[in-house]
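Architecture at a glance
This is what each chain is made of:
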Amino acid sequence: MGSNPDPEGSDGFDWDTEDEQDILSPSCSSPRVFGKDAVAGFEEASSSAGPSSKLVSHFVGMGFSRNMVSKAIEENGEGNTEAILETLLTYSALEKSPSKREHVYSDSSSSESAGDILDDLSDEDYLGNEENDEDLSEEERTLKHLVDMGYPPAEASIAMERCGPEASIMELTDFICAAQMAKAADALLSSNEEEQRKSYFHSDPRRDKKKRSFIEDHWERKRQKKLERRRLVDEDEETTRLPNPMIGFGIPAEPWRVHHRTLPEGAIGPPYFYYENVALAPKGVWSTISRFLYEIEPEFVDSKFFCAAARKRGYIHNLPINNRFPLLPIPPQTIHEALPITKKWWPSWDHRTKLNCLQTCTASAKLTDRIRKALEDWDDEPPLRIQKYVVDECKKWNLVWVGRNKVAPLEPDEIETLLGFPKNHTRGGGISRTERLKGLGNSFQVDTVAYHLSVLKDMFPSGMSVLSLFSGIGGAEVALHRLGIPLKIVVSVEISETSRNILRSWWEQTNQKGTLIDIDDVQKLDADRLEQLINSFGGFDLIVGGSPCNNISGSNRVSRDGLEGKHSSLFYDYFRILNQVKVIMGKS
């Protein structure tokens, strides 16, 4: 499904996630948490190469020790001055009170757990459960939220007074963190190097002003970034009107209801067609898709109603919608049912029962190690703010508990099970773990798709001829096979050689009796080639596929150009081919 620049903090994958992230973030970067292990790491020797003298002088001029500056640059690299500054202030606070670990987390004296972590969360993440707050005023409720998050009541009250009644939770926490950072900077003046710094600043008081100006500019830039991110989120919410719950025309668990819809005359099969893409899309995307596909209204469905993982998708099709039935056996519906080995280690404060959307990128080993170190600082339950940090990262990356204080990303075979594929479906000669995760992240959720396609079983008892566009690893083919529908002819169009090999391997392992035809580029499937194929076996019963979502996905803030993007514009090839097949089959 195309590629985008590698998100920071992933394992080096060079593609963009196929799905929107439920916890919005403009990149896949992971915040750092500093505990006692970070202080120990601060004392380690620096690399022999050493940072540039100009950069060291820049921060030494702000009043930090040369040794501390070298360590901060070594940890963050020379290209990120904002991260270096935050690290310097954090280390200074920790150096001043090394025994007060919980103070560092609860008061957040410039710690990144009160900065970068908050960057990755939306206002709604802080609101919590308001069922018991009905008797409180809006001001009292806001103050309660801030105190529950671990902020001192006095600082929370000052922030509310200074920022005004219209300020959001994010703006209030920003204000508190900025004040705490300034306080931490002031605390530096009373450290062991106070006299040295005092004489330095007395000799050139402009440097003290420069330091404070740098901090103020830093927080203003962060505030502007948050405002822009919130604008993009609001824009998405304003233009994407999704049903709640996302169950389309029904799910297996709900009481049976007969739905009625009227299809335009030009949309009535044969052939039947089935198109899929991400539900959360930029303004006008789904209305454009609907307009090209005969003005059929999308059916929006979240796969969390079919398995233990969410996958918000929109489907446009001309299939019947009554008398659907699910695949059996019904797959596990919760994390513990799907992954029972995790139950032993699951902490009581992690209340997840479903996984978020399964992505093509995965958490780095550095992130899981930071989580482990953060939790090991407390023998009992960690403070609420650390709990929140850990759970938010687990949600973002779908981390599961594999030991005491240990989390890990899902393995490919676990994702196969969650998505309804047979075990080791993506495992084969020369296929790496990275390639397996990429193929799974861009695939159908088999149980969801099979539920929609189940109406075809009685209609085609002797089998079907299928044109599979953007086949990926064969989610539609697996769904039809598991429904017991024989596959007489499958023309599979897929640009990825790895995905074609996975589908071919599954075809052979399941002893399919029909014919599989591979085409490596959808643009090679022109009218002449289609007519040749249709004349050779009599036409297609079903055209199924989902065009690339690289420029549509909500997690893509770099090239989210909708259907005009380089990759997602291939939707028009889906429409072109569908229209050509209908014309050619109509002639005969």
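The sections below set out a description of the structure shown in this document. (Residues numbered from 1 in each chain as written. Predicted model: local features only at pLDDT ≥ 70, side-chain atom pairs only at ≥ 80, totals over all residues. Heavy atoms only, no water.)

1. Some details on the overall build of the protein
Note the following rule: The helix and strand labels rest on DSSP assignments: H or I over at least four residues marks a helix, E over at least two residues marks a strand, and numbering proceeds from the N terminus. Burial classification: accessible surface area is computed with a 1.4 Å probe over protein chains only, and a residue below 20% of its type maximum counts as buried, one above 50% as exposed, and the rest as partly exposed. The Shrake-Rupley method, run with a 1.4 Å probe sphere, supplies the accessible areas, and residue values consider only the shown protein chains as cover.
Per the secondary structure count, the protein includes 23 helices and nine strands. Of all 588 residues assigned to the protein, the portion counted as buried reaches 54%. About 26,900 Å² of surface is accessible on the protein, with carbon and sulfur atoms providing 49% of the total.

2. A look at unusual backbone geometry
In the segment running from Asn244 into Pro245, the intervening peptide bond is cis, with an omega of 5°. Here Pro245 lies in the loop between helix H12 (206–239) and strand S1 (272–278). For the peptide bond that leads from Leu328 to Pro329, omega is 0°, which places it in the cis range. Along the polypeptide, Pro329 turns up in the loop between strand S3 (312–317) and helix H14 (335–338). For Asn511, which is not glycine, the phi dihedral falls at a positive 55°. The topology assignment puts Asn511 in the loop between helix H21 (497–509) and strand S8 (515–519).

3. Describing the nonpolar core
This is how the line gets drawn: In this description, a nonpolar core means a group of buried Ala, Val, Leu, Ile, Met, Phe, Trp, Tyr and Cys residues linked to one another through side-chain atoms lying within 4.5 Å. For the purposes of this description, domain bounds are those given by an automatic or database domain assignment. Only heavy atoms enter the contact rule, under which two residues are in contact if any of them lie within 4.5 Å.
With 70 residues, the main nonpolar core has Val390, Leu453, Leu456 and Leu542 as its most contacted residues. With six residues, helix H16 (residues 384–397) is the largest single contributor of residues to this core. Both domains that meet at this core, namely domain 1 (265–326 + 443–586) and domain 2 (335–419), each give it at least three residues. Those residues in contact with Leu456 that sit more than four places away from it in its chain are Tyr272, Leu319, Met464, Ile485 and Leu542.

4. A closer look at the pairing of S8
Spelled out, the test is: In this description, strands pair whenever DSSP reports at least two bridges between them. For a crossover, the right-handed case is the one in which the path from the first strand over the helix to the second runs clockwise, viewed with the strands pointing away from the viewer.
Judged from the five bridges that link them, strand S7 (residues 487–493) and S8 form a sheet pairing that is parallel. Directly across from Ser492, in S8, lies its bridge partner Asp518. Crossover connection from S7 via H21 to parallel S8: handedness right-handed.

5. Points about the pattern of salt bridges
Defined as follows: Salt bridge, as applied in this entry: a Lys or Arg side-chain nitrogen positioned within 4 Å of an Asp or Glu carboxyl oxygen.
Counted according to the given criterion, the structure contains 15 salt bridges. Close ionic contact of Arg433 with Glu411 constitutes a salt bridge, the shortest N to O distance being 3.4 Å. Here Glu411 lies in the loop between strand S5 (406–408) and helix H17 (412–418) and Arg433 lies in helix H18 (residues 433–441), a separation of 22 residues in the sequence. Among the residues examined, Arg433 registers a relative accessible area of 32% and is labelled partly exposed.

6. Focus: the pairing of strand S9 (residues 542–545)
Side chains Leu542 and Val544 project from S9 onto one buried face, and the interleaved Ile543 and Gly545 project onto a second face that is buried too. Strand direction decides the pairing type here: S1 and S9, joined by four bridges, are parallel. Directly across from Phe273, in S9, lies its bridge partner Ile543.

7. Things to note about the packing of helix H15 (residues 365–376) against H16
Heads up, the condition is: The angle between two axes is taken between their N-to-C directions and runs from 0 to 180 degrees, where each axis is a line fitted to C-alpha atoms and a helix contributes only its stretch in contact. Note on terminology: angles under 35 degrees are roughly parallel, angles over 145 are roughly antiparallel, angles of 65 to 115 are roughly perpendicular, and the others are oblique. Here a crossing is taken to be left-handed if its near helix is turned anticlockwise relative to the far helix by less than a right angle, and right-handed if that turn runs clockwise. Classification used: nonpolar for Ala, Val, Leu, Ile, Met, Phe, Trp, Tyr, Cys and Pro, charged for Asp, Glu, Lys and Arg, polar for all others including Gly.
Where H15 meets H16, the closest approach of the two axes is 11 Å, and the angle between their N-to-C directions is 160°. When the axes of H15 and H16 are compared, the pair comes out roughly antiparallel. Where H15 crosses over H16, the handedness of that crossing is left-handed. On H16, the residues touching Leu367, Ile371, Ala374 and Leu375 of H15 are Ile386, Tyr389, Val390, Glu393 and Trp397. The residue makeup of the contact of H15 with H16, split by class, is eight nonpolar, no polar and one charged.

8. Quick word on the packing of aromatic side chains
This is how it is decided: When two rings of Phe, Tyr or Trp (its six-membered ring) have centres within 6.5 Å they constitute a pair, described as stacked for plane angles under 30 degrees, edge-to-face for angles over 60, and tilted for the intermediate range.
Per the counting criterion, the structure on display carries 13 aromatic pairs. Clustering of aromatic rings is evident, with ring pairs tying together Tyr275, Phe292, Phe571, Tyr572, Tyr574 and Phe575.

9. Observations regarding the environment of Asn535
Counting through the fold element by element, Asn535 comes out in helix H22 (residues 527–537). With 53 residues separating them in the primary sequence, Asn535 and Ser588 have C-alpha atoms 9.2 Å apart.

10. So, the packing of helix H8 (residues 138–148) against helix H9 (residues 153–163)
Here H8 crosses H9 at 135°, and the two axes come no closer than 9 Å. Classed by the angle they form, the pair H8 and H9 counts as oblique. Judged by the twist between their axes, the crossing of H8 over H9 is right-handed. Seen from H8, the contacting residues are Glu139, Thr142, Leu143, Leu146 and Val147; seen from H9, they are Pro153, Ala156, Ser157 and Met160. Considered class by class, the residues forming the contact of H8 with H9 number six nonpolar, two polar and one charged.

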